[in-house]
Amino acid sequence: MLFFSFFKSLVGKDVVVELKNDLSIMGTLHSVDQYLNMKLSEITVADPERHPHMLSVKNCFIRGSVIRYVQLPADQVDTQLLQEASRKEILQSRQK
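Below: a short report on this structure. (Residues numbered from 1 in each chain as written. Predicted model: local features only at pLDDT ≥ 70, side-chain atom pairs only at ≥ 80, totals over all residues. Heavy atoms only, no water.)

Details of the pattern of salt bridges
So, point 1. In the structure shown here, the tally under the stated rule is three salt bridges.
So, point 2. Note that E18 is salt-bridged to R68, the shortest N-O span being 2.8 Å. Of this pair, E18 sits in strand β1 (residues 14–19) while R68 sits in strand β5 (residues 67–71), and the two are 50 residues apart along the sequence.
So, point 3. For E18, a relative accessible area of 17% translates into the label buried.
So, point 4. With a relative accessible area of 35%, R68 lands in the partly exposed category.
So, point 5. A salt bridge links E84 to R87, with the shortest nitrogen-to-oxygen separation between them at 3.7 Å. In this pair, E84 and R87 are both assigned in helix α2 (residues 79–95), three residues apart and thus about one turn of the helix distant.
So, point 6. One salt-bridge network, held together by shared partners, links E18, D22 and R68. (Salt bridge = Lys/Arg side-chain N within 4 Å of Asp/Glu carboxyl O. Helix = DSSP H or I, 4+ residues; strand = E, 2+ residues; numbered from the N terminus. Buried < 20%, exposed > 50% of the residue type's maximum accessible area, 1.4 Å probe, protein only.)

Put into structure tokens, the structure is as follows:
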């Protein structure tokens, strides 16, 4: 749930999603669900010559299981908040 909450806080921000098939998609994060499936709007691809079929696509849904990396803008990530949430989650798991 930690990552779901974290990605929900990034809705409306620009991200780069790299898929397991080496396709990199840049766009605005429109929504994310508990499985880390993502909807991106206003997308572009990093290598249009290699993926010309993606040039006409403006919005997409990406299944969470095919995502390799999500690159975030450094100034949008609150590392203190993320570290604190991680500590809380670890403490809660130890109490069970």
